[in-house]
Structures are given as C-alpha cells and as structure tokens.
Protein chains: 2
Amino acid sequence: MSPAADHAQSAAGRPAAGRRPAGSDTRGLILAAARSAFASTGYDATSLRGIARAAGVDSALVVHYFGSKDRLFAVVMRLPDGFVENAVALAAQGGDGLGERLTRFFLAIWEDPVAREPMLALIRSAVSNEQAAATLRGFVTDALLVRVAATLEVSDQHLRATLAGSQLIGMAMLRYAVRVEPLASADVETVVAWLAPTLQRYFTADP
Amino acid sequence: MSPAADHAQSAAGRPAAGRRPAGSDTRGLILAAARSAFASTGYDATSLRGIARAAGVDSALVVHYFGSKDRLFAVVMRLPDGFVENAVALAAQGGDGLGERLTRFFLAIWEDPVAREPMLALIRSAVSNEQAAATLRGFVTDALLVRVAATLEVSDQHLRATLAGSQLIGMAMLRYAVRVEPLASADVETVVAWLAPTLQRYFTADP
C-alpha cells in the first residue's frame, strides 16, 4: 500500500496531519507493526499495546492515529470506513433475516470496484502467501464472522463463521475474481435470493 | 507438469509406450495443444479434431492416446482417473440426495493429498492468471457442474452449477488452501452435514 493511499484512507478517521509534522513516519511505523502483528498472531491475539511496542511508540499514539483496533485493522486491510462495526451491527439486529442482511452487506462491498480491489488482492495473495493467508484467516474468523456468530445463541460459533466465510469467499472467487458466467453477470437480487438462505442456515440452523 | 508425471497419469489409460518409440513427443504435442485449447476456448467449444489440428496430428492419434475429450481434459487437469465420468454418474442417480453425493465426491478428492495438489495449483493460478482462470471456468461450468445440472429437470442450470461451484471452491479455499480453523480440522461428516443441503438447494430447489 502506498503512503498516499494510506493517507487517503485515513482522511475519514481522526485528523492527524498538520499537528505533528513527523506524523506520517510514526503512522507508517504503526501500520507496518500492525500489518505484521495481525498476520502473525491473528486479529484476536493482537493488542494495540503490542503494536505500539513493536512500533516503538506509546499506545496513546496508536489510539490517536487510528482510534481503535477495529479501525486500525480496517486501514491495514484497506476496508471501507466502519466495515467491521457495520457488519457486527447487522448481526446485533438478531438472527431473523441475518443471512439476507449479511449477503447484501458483502455484495455491496464487492459490487463497488474501489472497495473490491484490496479484498481481491487479499484473496489472490492468500492462496500463495502465508502472511496474507494468516490475515485472511484472522479476518474470516476472529475479526468479523465469529463476532457475528457470537451475537447469536448458537453452538459451534467458529465453525458456523467459517462455513459462512467459505460461501462468501467462493462467491467472491467465481463472480469477481475468476468471473464465471452466468454468475458474474447475474443481478444482485438473484445472488441474494440464492445465497441468503445458505448464510442463514450456517448461522442459525441446528447442526 | 513434467513429462514423467504425464506419463504416470496416462498409465491407467490406453497403452501407448513401447508400440510407438516417438510417442512421447506426439503425446506431449497433443497435451500442449489441448491445454491451450481448453484454456482459450473452454471445454465445450474445444473438439478433439481442433486439438489434433493444432498439434499437427491425425484425430485418430488423439483418440489412441487419450480415448475421449473427458479423459484428455482429466489428464490436462491432472484429475483422478474417471473423475468427470464419476461426477456425471452421481447426478444420473437423480435429484434426491444429489447434494450429499456430490459433497462426498468432492471431499474425497480434496481429502487425498495427491489428488488435491493439482486442484490447489489450479485455484492458486486462477486468481492471478487468465489462462488458468479460463480453465477453471471451463471446469466449473461446461465440463462438470453444468453436466450435473443438465441431468435434472430444473431451470437456470448454468446458474445453479456456478452457485454450487462457488460453495465448493470456497470450501476448498478455506479448508485446504488457507486452512481456516475449525473448518480445516472438522471431520468430513461434519462438513458433509453442513454442505450437502446447500448443494441440494442450489441444484434442485425452486429459485
């Protein structure tokens, strides 16, 4: 990721530029440490404190630049602003209709060429690069889908989250990366109608 | 693929060695032409005659070495012997239980480290290489899943085939390529119990 892209991505976050002339270096150090930490230890076991230590800065600076672990993760992953929070909020609305809400949420990201690009890059890298694979694992499990499953009163939350992830990533692969027809050109409503019940079952059905 | 691997793969097919000393060259020419044809025009539009022409040999020689288009495709894809025929035979048993039969069939391939390797290589290549992507498209659509769907009396056979493909490839990605837990270590029966109804619905449910 270029520093310019980093900067553009963080513009919607906390104001950092101007106040601290050397800030972009500090910010870059924190991002590099975060990228490495998320990839090597996974989302769950990574702390802001550990990232700060690895970057050689105070924890307060990490909070200053990025606000929270979710937001730092989103910047590292180049996710749209509020991505993780929004996904978890969808789940907090309860199990009814969760499959459809999540399917629509994911398709909206993937239908947007700008938001799609870094996700595609992650999937491309994850099949051949262990660090990217670790990032994808953390993303599917700890950071996102497990937190969705955790809002529900169901057993096997981690397994359910990874099953949902398998359908969503397979859809991303065939529709957006490899572009298999007629799936690649099917309208969003058609895809939602087929995928939503699958996700609903993975999250809420009895095993 | 090494010539040795080619040779080993064809050992279960028609006997070619011995009778024709220069055969390995001819065989290699046919394979190269087939690989290129499947990737560029897809499984459906590729004919044994076209492959023979591209390889500069008589069609009868292609049949002599590989038997049929299915078998030639399987060698190019390094698929287990009879892979395509077996999948289509599963479908011919009818729609009832098709989801479970297909899920078991795919998992059996993926659980075998030797059979899995070339499939993994194809998925890895397909996300970044257009020729591999075209091969994967042909595999998911014309060569396999569409022929499964074609045995059923349902609408939208191509769309159903690609939906099933999205779940199967997503499972391959997360369980075998990226190895996301607990999916990577879940026992086969657990995965079958979750996936079979998804495939069943994609192939036979009303849209």
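So, a few notes on the structure that sits alongside this text. All values derive from a computational prediction rather than experimental measurement.

Cut-offs applied
Residues numbered from 1 in each chain as written. Chains lettered and ligands numbered in written order. Predicted model: local features only at pLDDT ≥ 70, side-chain atom pairs only at ≥ 80, totals over all residues. Heavy atoms only, no water. Least-squares fit on C-alpha atoms with pLDDT ≥ 70 in both. Contact = heavy atoms within 4.5 Å. Axes fitted to C-alpha atoms, helices over the stretch in contact; angles between N-to-C directions. Helix = DSSP H or I, 4+ residues; strand = E, 2+ residues; numbered from the N terminus. Parallel < 35°, antiparallel > 145°, perpendicular 65-115°, else oblique. Nonpolar A, V, L, I, M, F, W, Y, C, P; charged D, E, K, R; others polar. Buried area = accessible area lost by both parts, 1.4 Å probe. Salt bridge = Lys/Arg side-chain N within 4 Å of Asp/Glu carboxyl O. Polar contact = N/O pair within 3.5 Å; in protein donor to acceptor, adjacent residues only side chain to side chain.

Bringing the relation of the copies chain B and chain A into the picture now. For the pair chain B and chain A, the relating rotation is 180 degrees, the translation along its axis is 0.0 Å, and the fit reaches an RMSD of 0.0 Å. Here the copies are linked by what is in effect a two-fold axis. If distances are taken from each C-alpha of chain B to the rotation axis, the shortest is found for Gly170 of chain B, at 1.8 Å. The share of interface residues of chain B whose copies in chain A are also at the interface is 100%, consistent with both copies meeting through the same surface.

What follows covers the packing of helix α3 (residues 48-55) of chain B against helix α4 (residues 59-66) of chain B. Residue and element names in this part refer to chain B. Look at α3 against α4: their axes get within 8 Å of each other, and the N-to-C directions meet at 105 degrees. Considered as vectors, α3 and α4 are oriented roughly perpendicular to each other. Residues Leu48, Arg49 and Ala52 of α3 pack against Ser59, Val62 and Val63 of α4. Its residues assigned to classes, the contact of α3 with α4 comprises four nonpolar, one polar and one charged.

We now examine the interface of chain B and chain A. The interface of chain B with chain A comprises 41 residues on the first partner and 41 residues on the second. Here chain B packs against chain A, burying approximately 3,400 Å² in sum over the two surfaces, 75% of which is carbon and sulfur. Looking at the side of chain B facing chain A, the largest losses of area belong to Val127, Val178 and Trp194 of chain B, adding up to 23% of the total buried there. Run the count over chain B and chain A and you get zero salt bridges. Along the contact surface separating chain B from chain A lie 10 residue pairs in polar contact (both at pLDDT 80 or more). Breaking the side of chain B that touches chain A down by element, the ones donating at least two residues are α8 (113-126), α9 (130-150), α10 (157-177) and α11 (188-204) of chain B. Top element by residues in the side of chain B that touches chain A is α10 of chain B. It accounts for 13 residues.

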